[in-house]
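Report on the structure
Now for the letters of each chain:
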Amino acid sequence: MAKQETPKTVYRFGDGVYLNITNRCPNLCAFCIKTKWRMDFHGNNLNLEGNEPSANDVVAALDAELKKAPFKEVVFCGYGEPTMRLDVLLFTAQTLKGWMAQAKYPPFKIRLNTNGLGNLINHKNIVPELRRVVDIVNVSLNAENAEVWRKIVRPADGYEDGYDAVREFIRLCAAAGFDRVVASCVDRTGADAEAVKKIAEADGAQFYLRSFLDAQD
C-alpha cells in the first residue's frame, strides 16, 4: 500500500514506460479519468500534489525503471499535459536519444501524448524542437468542430478558441516527418467519430478511436 501512496513520476503500462511530469492541463475533459480514478492508474498514484519533478529527477527515475524489465517505448503522458513543461520534456527526450545512440538499452520509440495545445501553451511553434527528440505524436483531437470541442474538452480561459490550434499542430507534425502522427477521438462523448476521422486524415494524421474508460477493469 505504501508504494501506491508514493506519487509516481515513472510507471509501466503494457510494453511502455510512461512519464508523469505534470498534472497541469489547460483542459478539463468530460471523459478524463484522472478525477474519476482519483489520480490513480492501475495501482499507480499519479497525483504529484504540485511537486513537479525536476528534469534530473525524471531522468534518474527513468534510468532506474528502464533497467528493471524490457520495454518498447517511452511515453510522455501521465495525468497532465506534457508540453506544459516543455523544457523537462525536451531534456528527458534528448537524454533518451543519447542513451539510444550509446546502445545503453535495446532500440525503443519515444512517444508524446498531447492535447495539441503545445504551441498556444508555449507561445511558439514547438514542433521543430519535438521533431528532434520524439518519434511518435498522438494528438487528442476529440471533435469535428470548435463548438463540440469546447463542450467535450472544457478548455480553461484563454484556450476557448484552441480547436483550430490543435488542427494546425496536427498539420505541422504531419509535415515535420515524425515516424507516426495519430489524431484520436474518444467514443461515447457526443463527437461524430466518422467526421473526426475524415478531419484527422485530411490534416495528415492516422486516426485512432479510443475507448471511453469508465472503470479500471
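For the structure itself, consult the block above.
Bear in mind the structure is a predicted one, so any value in this text is a computation, not a measurement.

1. Here we look at the overall build of the protein chain
- Of regular secondary structure, the protein chain possesses nine helices and nine strands.
- With 217 residues in all, the protein chain has 50% of them scored as buried.
- Taking as baseline every contact in the protein chain between residues at least 6 positions apart, the subset at least 24 positions apart corresponds to 79%.
- When the accessible surface of the protein chain is split by element, carbon and sulfur atoms take 50% of a total near 10,600 Å².

2. A few points about the nonpolar core
- With 54 residues, the main nonpolar core has Leu62, Leu66, Val74, Leu130, Val134 and Leu141 as its most contacted residues.
- With sequence-adjacent residues up to four places away left out, Val134 is seen in contact with Leu89, Ile110, Arg111, Leu112 and Phe178.
- Among the nonpolar cores identified, the runner-up in size contains six residues, and Tyr11, Leu46, Cys77 and Tyr79 belong to it.

3. Regarding the packing of aromatic side chains
- On inspection of all chains with the given rule, the structure shows six aromatic pairs.
- An aromatic cluster is present here, built from Phe71, Trp99, Tyr105 and Phe108 joined pairwise through their rings.
- The ring of Trp99 carries Lys104 above its face, with NZ or CZ at 4.5 Å from the centroid.
- Between the NZ or CZ atom of Arg131 and the centre of the ring of Phe178, over which it lies, the distance is 5.6 Å.

4. A short note on the pattern of salt bridges
- Here the structure, examined in full by the defined rule, presents 16 salt bridges.
- Across the salt bridge formed by Lys97 and Asp135, the nearest N and O atoms sit 2.8 Å from each other. Taken together, the residues Lys97 in helix 4 (residues 86-101) and Asp135 in the loop between helix 6 (127-133) and strand 7 (136-140) connect sequence positions 38 residues apart.
- Exposure remark for Asp135: the relative accessible area of 8% places this residue in the buried category.

5. Points about the layout of surface pockets
- Of the voids in this model, the second largest pocket is the one considered here, and its volume is about 150 Å³.
- Around the second largest pocket sit Pro7, Lys8, Thr9, Val10, Tyr11, Arg12, Ala61, Ala64, Glu65 and Lys68, which together line it.
- Of the residues that constitute the lining of the second largest pocket, the class distribution is five nonpolar, one polar and four charged.

6. Side note on the environment of Pro53
- You can see Pro53 is positioned in the loop between strand 4 (44-45) and helix 3 (55-66).
- Taking relative accessible area as the criterion, Pro53 reaches 7% and is therefore assigned buried.
- In this structure the C-alpha to C-alpha distance between Pro53 and Asn20, which are 33 residues apart in sequence, comes to 8.9 Å.
- For Pro53, the residues in contact, after removing those within four places along its chain, are Thr9, Asn20, Ile21, Leu48, Val58 and Arg85.

7. Quick word on the pairing of strand 2 (residues 16-19)
- Of the two faces of strand 2, the one holding Gly16 and Tyr18 and the one holding Val17 and Leu19 are both buried throughout.
- Across four bridges, strand 1 (residues 10-13) lies against strand 2 in antiparallel orientation. Note that in strand 2 the partner of Tyr11 across the bridge is Tyr18.
- Where strand 1 folds back onto strand 2 in an antiparallel hairpin, the turn is made up of two residues, including Gly14, whose phi is positive at roughly 60 degrees.

8. Quick word on the pairing of strand 7
- Counted residue by residue, strand 7 has five buried out of five residues, so it is predominantly covered.
- The alternating pattern of strand 7 places Ile136, Asn138 and Ser140 and Val137 and Val139 on opposite faces, both of which are buried.
- Inspection of the sheet shows strand 6 (residues 109-114) paired to strand 7 by four bridges, in the parallel sense. Among the inter-strand pairings, Arg111 is bridged to a residue of strand 7, identified as Ile136.
- In this structure, strand 7 lies alongside strand 8 (residues 180-186), joined through five bridges in parallel fashion. Its bridge partner lying in strand 8, Asn138 is registered against Val182.

9. A word on the sheet that holds strand 9 (residues 206-210)
- Spatially, the seven strands line up as an open sheet ordered 1-2-5-6-7-8-9, and their pairing is mixed. In the strand order of this sheet, the two ends are held by strand 1 and strand 9, each with one partner. When strand polarity is set aside, the average angle formed by the axes of neighbouring strands in this sheet is 25 degrees.
- Docked against the sheet, helix 3 engages strand 1, strand 2 and strand 5 (73-76), running at close to 40 degrees with respect to strand 1.
- Packed on one face of the sheet, helix 9 (residues 193-202) meets strand 8 and strand 9 and runs near 155 degrees to strand 9.

The rules we used
Residues numbered from 1 in each chain as written. Predicted model: local features only at pLDDT ≥ 70, side-chain atom pairs only at ≥ 80, totals over all residues. Heavy atoms only, no water. Helix = DSSP H or I, 4+ residues; strand = E, 2+ residues; numbered from the N terminus. Buried < 20%, exposed > 50% of the residue type's maximum accessible area, 1.4 Å probe, protein only. Contact = heavy atoms within 4.5 Å. Areas by Shrake-Rupley, 256 points an atom, 1.4 Å probe, with all protein chains shown as cover. Core = buried A, V, L, I, M, F, W, Y, C linked by side-chain atoms within 4.5 Å. Phe/Tyr/Trp six-rings, centres within 6.5 Å; stacked < 30°, edge-to-face > 60°. Lys NZ or Arg CZ within 6 Å of the ring centre and 35° of its normal. Salt bridge = Lys/Arg side-chain N within 4 Å of Asp/Glu carboxyl O. 1 Å grid on protein atoms, 1.4 Å probe; cavity = no way out; pocket = protein on both sides within 12 Å on 5 of 7 lines; lining within 4 Å. Points joined across faces, edges and corners; volume = space filled by probe spheres on them. Nonpolar A, V, L, I, M, F, W, Y, C, P; charged D, E, K, R; others polar. Pairing = 2+ DSSP bridges. Axes fitted to C-alpha atoms, helices over the stretch in contact; angles between N-to-C directions.

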